[in-house]
Amino acid sequence: MSESLQYLSGSEIRQKFLDFFAKREHQTLPSASLVPEDPTVLLTIAGMLPFKPIFLGQEKSKFDRATTSQKCIRTNDIENVGRTARHHTFFEMLGNFSFGDYFKEQAIKWAWELSTEVFALPSERVVVSVFREDDEAFAIWRDVIGIPAHRIQKMGEEDNFWKSGPTGPCGPCSELYYDFKPELGDENIDLEDDSRFIEFYNLVFMQYNRDADGNLTPLASKNIDTGMGLERMAQILQKVPNNYETDLIFPIIKRVAEISEIDYHKASDRTKISLKVIGDHVRAVVHLIADGVSASNIGRGYILRRLIRRVVRHGRLVGIEGAFTTKIAEVAISLSESVYPNVREREEFIKLELQREETQFLKTLERGEKLLQEVIDKVKAEGKTVIAGVDAFTLYDTYGFPLELTQEIAAEEGLTVDVASFEIEMEEQRKRAKQAHKAIDLTVQGSIDELAEQIHPTEFLGYTEARSNSRVEVVLVEGKTVEAAEVGTKIQVILDRTPFYAESGGQIGDKGYLSGDNLLVRIEDVQKESGFFVHYGKIERGTLTIGDTVSSQIDRACRRRAQAHHTATHLLQAALKKIVDDSVSQAGSEVGFDSLRFDFNCPRALKPEELQAIETEINTWIAEAHDTQTSIMGLEEAKAKGAIAMFGEKYGAEVRVIDVPGVSLELCGGTHVKNTAEIGLFKIISETGISSGVRRIVAVAGTAVLEYLNVRDKIVKELGDRFKAKPEEILDRINNIQSELKTTQKELAAAKQELAVAKSDGLLSQAEAIGDFKILIAEMGDLDGKALQTAAERLQQKLGEAAVILASIPSEGKVSLVAAFSQKVIKEKKLQAGKFIGQIAKICGGGGGGRPNLAQAGGRDASKLPEALASAKKQLIDALK
């Protein structure tokens, strides 16, 4: 590592980069959310992602030049985190962008000036790569910058040609590498040697468009997209051996080491990997939660859950037994809050989410340990010494149980793990993950995007108009453009202008009709794709042709219902903040014609009195007949006025604000009532939990309330007729019936137990003596599980030192099994009822367990019961003789 390098903190590197380009007329923009607007990716995976519509030509940038420090998340190579010097899930990408302004030579000059003058990297330590066919870039580096030709490496398309997808914008790249070992000389430079070189700056020259046949044509407007890894530059300038030991991450690792009482610098390589994984992942989860992601089993929520679980697992591997994630999250928040203030603003939610997930997963780990013990017992019972890779992988993938821990526990039992077959299972999972992990595809919705240069984005008239004359710009059938479509055909239509609202912001798309001379098209849905409103419908009469002028008419009744529900959603959020907690924030919504759904961050279920208060407050606001006011203003102005923005949403410089004066102020692009009185009534249907820390309210408003009440009224009338009771008497009548039913059930249960006792006494003569013990294996008809357990306990007590196995078939196909072992059986013969009966139940396609002296299990295949009981008898005889 060069001693001449000037130490710079991560914050200083970030600021110097942004300042450098700000002085060169670049607009400094804040980082976009980790939850992207782009529907083709789950998370923001690259610094250029927020500018995708600009690079595609779908939007015009307000600036010719921009610079950002963009937070990013990538998990497709998560297994490399902590094992290499520079792999991360969370990282910051410093970037400078040109939208049709400067191009290749200026981008290269500035990259060199920034690297060698601002960051003072010795020029003899910088090696560059170019695309093998990019002679222009090669010449600029050699002739303008002055880099010797042998330090300019020509690379293939795989390494140095960027493409957005099979078609669309693309271009060659040029990368800057830092040489850690210049003493090895310039002969046989291998940029793949990670121990010597680190890529720290990538310049993408977006200059071509690739068509479906693979042909490249120059773009009319050429763009620059660059990325400098903040963590990588910090490693270089802070002269540390890897990114993890920079001031961006190491304070987190240091805190983990303190908790686990480990000296990082003296730790084993294995321990260091765990500490690095924790340091990396905690940054990722803090920012994901701050940007509105909640742990779940799908999408980005699953990514968050997986990261948290890996933190907890690696905490266990370094010896941390209890909860610890909130302690290290505090360090990550402190490191980030000056640049990303939302992590401090969302601190409470971050810590609550971590607490819930950590507590839940610690229980899961305990379950994994129990399941592993079952696997070990099975392997030993079969006389084997190797745990199958598929079993180890199931523990890892389903229960989050790490392979290392499985191997460690197996070794204590004298067993090994088939790692090779485990890796085969792991590779299959990686393939599935890679198939699910999409790259940034600038050509999604290809048929539509190919037309982007030929037609203008759809003009939306629906805020003020319910009908308009529109020109048919595009007709698609099964995703392919056609000139015309006939009656009976399902189509997608793009118009030059439309009153139809396209689904967005949680609000459903409008329904309605397109009509003309002998033409009728029923529109069932409208979606927005890259600025175009795509109308989904079916031709009911006539033929629709590109260029036709049609009358576009929305279903006004459906629109009114959607408007009522949308404004009611705003009132609901305001009421939640007022009555429950001001920190409540939206986590999602769905505004339909028949109901509304509102998801919100809250760590607990709402009390019945809170729900009643919310409903009353909203209906009060409705009755007060507040006018709604719509205005367009700058984003910062809207925020200054207190307008609520949803986490994860991307907003432009100008925003639409919906104001219910004195009640609610939100950024929103949806349609709304002009006065709250138009809503009529509001009624909450349900309040439930949908994931950790996220609750959901389903409600109805307007005419949908009447429909809801009509259904309930019909049910009440039918119940009244059935019970011969008035509406106000129905509840008492049901309570009385339930009370009588419980009494009857108790009497029935007591009778069954008495029958079980009577039957069990008749089995005593069937007991067999095996050495000093007695065994009894018997089937007892259709007794339920509780009665079977009572019988087994009684028999074991009467037989003394004994092992009792009883079975029954309480219902068709269902098997119940109970084991009762005496203390001598447990202590001298090392048999445990729980483990024993669990293995027997597997023969019947089930499982179970319990205490060493008494355990219960079940199965789904009654035909296997004789085989199971025979196996139980043989195993007991072998163990007790």
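Procedures and definitions
Residues numbered from 1 in each chain as written. Predicted model: local features only at pLDDT ≥ 70, side-chain atom pairs only at ≥ 80, totals over all residues. Heavy atoms only, no water. Phe/Tyr/Trp six-rings, centres within 6.5 Å; stacked < 30°, edge-to-face > 60°. Helix = DSSP H or I, 4+ residues; strand = E, 2+ residues; numbered from the N terminus. Buried < 20%, exposed > 50% of the residue type's maximum accessible area, 1.4 Å probe, protein only. Lys NZ or Arg CZ within 6 Å of the ring centre and 35° of its normal. Polar contact = N/O pair within 3.5 Å; in protein donor to acceptor, adjacent residues only side chain to side chain. Pairing = 2+ DSSP bridges. Axes fitted to C-alpha atoms, helices over the stretch in contact; angles between N-to-C directions. Contact = heavy atoms within 4.5 Å. Parallel < 35°, antiparallel > 145°, perpendicular 65-115°, else oblique. Left-handed = near helix turned anticlockwise from the far one by under 90°. Nonpolar A, V, L, I, M, F, W, Y, C, P; charged D, E, K, R; others polar. Salt bridge = Lys/Arg side-chain N within 4 Å of Asp/Glu carboxyl O.

Participant: What exactly am I supposed to notice about the packing of aromatic side chains here?
Facilitator: The description of an aromatic ring pair rests on the distance of the ring centres and on the angle between the ring planes. Scanning all chains against the criterion turns up 20 aromatic pairs. Taking the centre distance of 6.3 Å and the plane angle of 85° together, the rings of phenylalanine 21 and tryptophan 110 count as edge-to-face. A residue pair is termed long-range when its members are at least 10 positions apart, and phenylalanine 21 in helix α1 (residues 10-22) and tryptophan 110 in helix α3 (residues 104-118) qualify at 89 residues. For tryptophan 110, a relative accessible area of 10% puts it in the buried group. Each ring, one from phenylalanine 131 and one from phenylalanine 161, has its centre 5.1 Å from the other, and the planes form 55°; the classification is tilted. Taken as a pair, phenylalanine 131 in strand β4 (residues 126-131) and phenylalanine 161 in strand β6 (residues 161-163) lie far apart in primary sequence, 30 residues in all. Each member of the pair, phenylalanine 131 as well as phenylalanine 161, is classed as buried. Each residue in the set Phe17, Phe20, Phe21, Tyr102, Trp110 and Tyr201 is aromatic and connected to the rest through ring pairs, giving one cluster. Arginine 24 extends its terminal NZ or CZ atom over the ring of phenylalanine 20, reaching a point 3.6 Å from the ring centre.

Participant: Just to check I follow, could you spell out the side chain of serine 552 for this structure?
Facilitator: Checked against the element boundaries, serine 552 lands in strand β22 (residues 549-554). A distance of 2.9 Å separates polar atoms of two side chains, one belonging to serine 552 and the other to serine 470.

Participant: Help me understand the sheet that holds strand β24 (residues 596-601), please; the structure alone is not making it clear to me.
Facilitator: The strand order across the open sheet formed by 4 strands is β23-β24-β29-β28, and the pairing between neighbours is antiparallel. Taken across any chain shown, the strands that pair with only one partner, and hence form the sheet edges, are β23 (585-591) and β28 (682-691). For this sheet the average axis-to-axis angle between neighbouring strands, irrespective of direction, equals 20°. Its contacts with the sheet put helix α18 (residues 608-623) on β28 and β29 (694-701), and the angle it makes with β28 is roughly 135°.

Participant: Is there a simple way to think about the packing of helix α8 (residues 269-290) against helix α9 (residues 299-317) in this case?
Facilitator: A packed helix pair is summarised by two numbers, namely the angle formed by the two axes and the spacing between the axes. Two elements in contact, α8 and α9, have axes separated by 9 Å at closest approach and are oriented at 150°. Here α8 lies roughly antiparallel to α9, going by the angle between them. As for the relative orientation of α8 and α9, their crossing is left-handed in sense. Contacts between α8 and α9 involve Ser274, Val277, Ile278, His281, Val282, Ala284, Val285, Leu288 and Ile289 on the former and, on the latter, Leu304, Leu307, Ile308, Arg310, Val311, His314, Gly315 and Leu317. By residue class, the composition of the contact of α8 with α9 is 12 nonpolar, 4 polar and 1 charged.

Participant: Is there a simple way to explain the pattern of salt bridges in this structure?
Facilitator: Oppositely charged side chains may form a pair once their charged atoms are brought near each other. Per the counting criterion, the structure on display carries 47 salt bridges. We note a salt bridge from glutamate 231 to arginine 283, for which the minimum N-O separation is 2.9 Å. Of this pair, glutamate 231 sits in helix α6 (residues 230-237) while arginine 283 sits in helix α8; the two residues are 52 residues apart in sequence, bridging distant segments of the chain. For glutamate 231, a relative accessible area of 2% gives the class buried. Overall, the relative accessible area of 5% leaves arginine 283 in the buried class.

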